[in-house]
Structure formats: C-alpha cells, structure tokens
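# Reading the structure
As a plain string of letters, each chain reads:
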Amino acid sequence: MPDDQAPHSIWRGIHQTLAKDTVGGALLLGATVLALVLANTGAVGFYNALRDFTFGPEALHLHLSVGAWAADGLLAIFFFVVGLELKEEFVAGKLREFSTAIVPIAAAVGGVAVPALIYVIVNLNAGDEALQGWAIPAATDIAFAVAVIAVVGRNLPPALRTFLLTLAVVDDLLAISIIAIFYTDEIAFVPLALALIPLAAFGVAVQRGVRAWWLLIPLGVITWALIHASGIHATVAGVLLGFMVPVIATKRARVKSGVDASGRQLYDGLAAHFADRWSVVSTAVAVPLFAFFSAGVAVGGLAGLAESLQDTIALGIIAGLVLGKAIGITATTFLVTRLPGLRIDPSIKWIDMVGMAFVAGIGFTVSLLVGELSFGSGSESDEHVKVGVLAGSLIAATIGGTMLSLRNRHYRALERQASPVE
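Residues numbered from 1 in each chain as written. Predicted model: local features only at pLDDT ≥ 70, side-chain atom pairs only at ≥ 80, totals over all residues. Heavy atoms only, no water.

## Considering the overall build of the protein
When helices and strands are tallied, the protein shows 17 helices and four strands. For the protein, whose C-alpha radius of gyration is 22 Å, the value lies close to the compact-globule estimate of 22 Å for 422 residues. By residue count, 54% of the 422 residues in the protein fall in the buried class. (Helix = DSSP H or I, 4+ residues; strand = E, 2+ residues; numbered from the N terminus. Rg over C-alpha atoms; globule rule 2.2 N^0.38 Å. Buried < 20%, exposed > 50% of the residue type's maximum accessible area, 1.4 Å probe, protein only.)

## Some thoughts on helix α10 (residues 213–230)
Side chains that are three or four residues apart share a direction in an α-helix, a result of its 3.6 residues per turn. Over its 18 residues, α10 runs 25 Å from end to end, which matches the ideal 26 Å to within 8%, given 1.5 Å per residue. Of the residues making up α10, those classed as buried are L216, L219, G220, T223, W224, A225, L226, I227, H228 and S230. Positioned one or two residues after α10, G231 has a phi angle of 100°, which is positive. (Expected span 1.5 Å × (residues − 1).)

## What to know about the pattern of salt bridges
Side chains that differ in charge, positive against negative, can pair when their charged atoms come close. On inspection of all chains with the given rule, the structure shows four salt bridges. Its salt-bridge partner being D52, residue R51 comes within 3.3 Å of it at the nearest N-O pair. For D171, the salt bridge identified is with K325, shortest N-O distance 2.8 Å. Here the residue D171 occupies a position in helix α8 (residues 158–182), and K325 occupies one in helix α14 (residues 312–336), the gap between them amounting to 154 residues. Here D171 matches K325 in class, with each residue buried. (Salt bridge = Lys/Arg side-chain N within 4 Å of Asp/Glu carboxyl O.)

## Things to note about the packing of aromatic side chains
Counting across every chain of the model gives nine aromatic pairs. When the ring of F292 is compared with that of F293, the centres are 5.0 Å apart and the planes differ by 75°; the resulting orientation is edge-to-face. Residue F292 shares its accessibility class with F293, and that shared class is buried. Here the basic side chain of R338 rests over the ring of F334, its NZ or CZ set 4.2 Å away from the ring centre. (Phe/Tyr/Trp six-rings, centres within 6.5 Å; stacked < 30°, edge-to-face > 60°. Lys NZ or Arg CZ within 6 Å of the ring centre and 35° of its normal.)

## Some words on the nonpolar core
As a rule of thumb, nonpolar side chains are buried together in soluble globular proteins. Of all hydrophobic cores here, the largest spans 91 residues; its most connected members are F79, F163, I317, M356, F364 and V366. With 13 residues, α8 is the single largest residue contributor to this core. Residues in contact with V366, not counting those within four places in the same chain, are F78, F79, A139, A175 and I179. A92, V245, V255 and A271 belong to the second largest nonpolar core, which has 18 residues in total. (Core = buried A, V, L, I, M, F, W, Y, C linked by side-chain atoms within 4.5 Å. Contact = heavy atoms within 4.5 Å.)

## Section: the environment of L167
Residue placement: L167 occurs in helix α8. The exposure class assigned to L167 is buried, which follows from its relative accessible area of 1%. Counting along the chain gives 106 residues from L167 to H61, while the straight-line C-alpha distance between them is 36 Å. Non-local contacts of L167, meaning those with residues more than four positions away in its chain, are made with P104, A107, A108 and I329.

## Points about helix α7 (residues 142–152)
The buried count for α7 comes to nine of eleven residues, which makes it a mostly enclosed element. When α7 is considered as a whole, its buried residues turn out to be I142, A143, F144, A145, V146, A147, V148, I149 and A150.

## Digging into a nonpolar patch on the surface
Together, W213, W214, L215, I217 and V221 make up a nonpolar patch on the protein surface, roughly 550 Å² of accessible area in all. Position of V221 among the secondary structure elements: in helix α10. Residue V221 is classed as partly exposed on the basis of its relative accessible area, which comes to 46%. (Patch = residues over 30% accessible without salt bridge, like charges linked within 9 Å, V, L, I, M, F, W, Y side chains within 5 Å. Areas by Shrake-Rupley, 256 points an atom, 1.4 Å probe, with all protein chains shown as cover.)

## Some details on the side chain of R407
By the secondary structure assignment, R407 is in helix α17 (residues 380–418). Looking at R407, the relative accessible area reads 15%, which means it is buried. For R407, the residues in contact, after removing those within four places along its chain, are L156, K349, I351 and D352.

## With respect to the confidence of the model for the protein
Summarising the model, the protein shows a mean pLDDT of 87, and 93% of its residues fall at 70 or more. Note on residues 11–15: pLDDT under 50 across the span, and twelve contacts to partners over four residues away in sequence or across chains. (pLDDT = per-residue confidence, 0-100.)

## Observations concerning the pairing of strand β3 (residues 255–259)
As judged from the four bridges shared by β3 and strand β4 (residues 265–268), these two strands associate in the antiparallel manner. Across the sheet, the residue bridging to G258 is L266, located in β4. From the end of β3 to the start of β4, which pair antiparallel, there are five residues, and G263 there has a positive phi angle of about 90°. (Pairing = 2+ DSSP bridges.)

## Structural notes on the packing of helix α4 (residues 66–92) against helix α11 (residues 235–244)
In the contact formed by α4 and α11, the axes pass within 6 Å of each other and the chain directions differ by 30°. On the basis of their axis angle, the class for α4 and α11 is roughly parallel. Considering the relative orientation of α4 and α11, their crossing is right-handed. For the pair formed by α4 and α11, the contact residues are A71, D72, L75, A76, F79, F80, G83, L84, L86 and K87 on the first element and T235, G238, V239, L241, G242, F243 and M244 on the second. (Axes fitted to C-alpha atoms, helices over the stretch in contact; angles between N-to-C directions. Parallel < 35°, antiparallel > 145°, perpendicular 65-115°, else oblique. Left-handed = near helix turned anticlockwise from the far one by under 90°.)

If you want it as structure tokens, here you go:
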C-alpha cells in the first residue's frame, strides 16, 4: 500500500464503527417494533396496503410491491457497502494475511454450517418444503450484534469486537454466496450477459477515479435491473458493484483523508470513501425500511404466538440461532486453535468467546430476506419464519448480552484495581 494511504477505514476507528452500528441497531429495533405494532393493531389494513402496493415498469420485470422494492432494491445498497468492506478486508484489512484471517474465517464457517445443520435436524420429518429454509439461521446481523456489545461491553477487550467484526464480514460473504447459489431457480442468461456491460463501465470509471454520481448511480441501477431480470437475486448486484471499486489510493483514484502527526497529507482509496458515504444511507434508510416492511407479522395474541412456536420451521430457526451459532463459532474456534501457530488474541478468554458467539446468533436482516426467498412473502410459513427469527434473535441477544455484561463488570473491576490510587 502507498505510504500516504490512510489506515484501513473499517478498522482505523473502532469507536466510530461501534457508534455507527449502535445507531443502526437502534433504528432497526425501532422499525421492527413499529412494524409489529402496526401489524397487530387496527392499523394492520394500512400496513398491509402500504407493503403490498405495487408500482414500476412491467416491461422491465420491475412492477413490484413496496415490500419487494425494499428487499430487492434497498438491500442492494446494504450489500454494496458489504461488497466494499469485503474488498477492503481482502486487499488491505485483516483478511489479507492467512495467519490472521484463518481463525475468524473458520469461526464464521462453523457459525453458518452448524445452525443450518440444526435446522435440518429439527425439520427432517417436516417435508421438503420446510427444508428449503435451511439457511435462514445461518446469518449474523452485524448492526444488532455490535450494538449489543457497544451497550453492555464497553470494557471488553477490543480484540473481541475485532473478532466479531471480522467474523461478520466473512458471514456476509457466505450469506451472499448462499443466496446466489441456492436461491436462484432459473437464470436468464441474456440479461445476465448484458449486465456485464454497465458493470464493466462502472469498474472502468471508478478505476479512473470518477466519483460523479450522475454517471455511477445510473450505471449501478442498470446493472441492478439487469441482474434482477436474470433471476439472480438483485442484492448480488450490490456486492459485484462494491467489488469493482479500488481499495488502493492511486494518484488517479484517491480522496483526501486528513493529515498524519507530522502534517503529511493522507489519502483514502475510493472503496473507503464510498463505504463512509453509503454506509450512512444503508444504516439510516435502507436496512430500517427493509426491516419495517419485513418484520410486520400478525402474531394473533398469545394463542397465535404459541401456534407459531409449535411449527418446526420456527423451532428450527430458534434452535439454529441460539444454539447453532454459539456451538458452531465456539467449537470451530476451539478446534482450529489446536493447530500449531493458530490462536485467538491472549486478551480474549473463552467465556468471552462464548458470550460473543451467542450475540452472533442475532440473525435479523439477512435471515428475514432468506426466509422470504425460501417460502414467499406473506405465506403462512413466512409468518412463522418471522416469529422464529424475532424470537431466536431476542433469546440470543439476551443470553449473550447478559454474559458479556457480567464479563464487562469483571474487566471494569480489573481496570479499577490496576489504576493508581490518588
């Protein structure tokens, strides 16, 4: 990397990252609660009419409901930021070096595989349709997870937060791959081939340092529309566009980032620049609106909730999020660190790792998306998916948050003992 390039943007300010994700978690929670209130009161008619209202050009296969626009369109912004962060991680971040990356990568794989396995075991006798949801409990919602740690764990080792962030980035990559491979029924190759043209034009433009919104946004929208028409989930377009943006700050493609201690000018690559700009849109607009239109499940009172929780789909999701994530992440990390030369940061204790693994069981945004892809929006199974995701995420957050809160008190007491007495 050039000497005048600023530190890797995602990691240069851990407190800034925590603050952003704490705000994102609060907005997500607010949107979810509002959706649940509207869906379970007299306003349910208004909520359903708003969510199901359709608009857009039919000729381009874009005559979609508001809920579908939120899932296919707005979430593409979220995945664009994910693509930027993934590329930064592999080019300039913690995934660049194998020895540093292998432990959280393995933990992420375990945290995806074990929840899926548990879901399949729970639904083994429920029929092939129920098994379509095997990937629902596999994803971690980074905004909620980091928000929990930010609230209850201010004195936890910074390495634990770093481990969670790295794990979540890999988790996102795995989730994107699952959506692209397993939740695409048929591919229309003509629009998919045509999508390469605006995608390539976008790539050439950003490699040359072009930042003009009036050029890049239309190229991005055309790429998104063509990939949507191909049958591949349109959020994949966001990731591909993010991968096109250069990470290294060249003389042609760079943005001023400030100065170092000696007064030397530092620069960001365009990936860092776009991630800083678009993460605000993703956090404040795209993801909360998706949550609002996806989380509105009519529970039907205690009787309806009890009925939903008797469905093996909901039970499989809850078991996958609560037990699967905790077992998968912790056990895989333990096994990998038995290999020579591989270990977790010495400041992280295994009880901290277990608490963090439970927090990683908060699977919201991508879990709801995979649920809709598995069973179809508005179906009875989709309603049970939402109950399972909400209940499992709440249980995982409560267990993990409680454990980390107790560990936070422990570390705070140690810091007080170590501080000099005035």
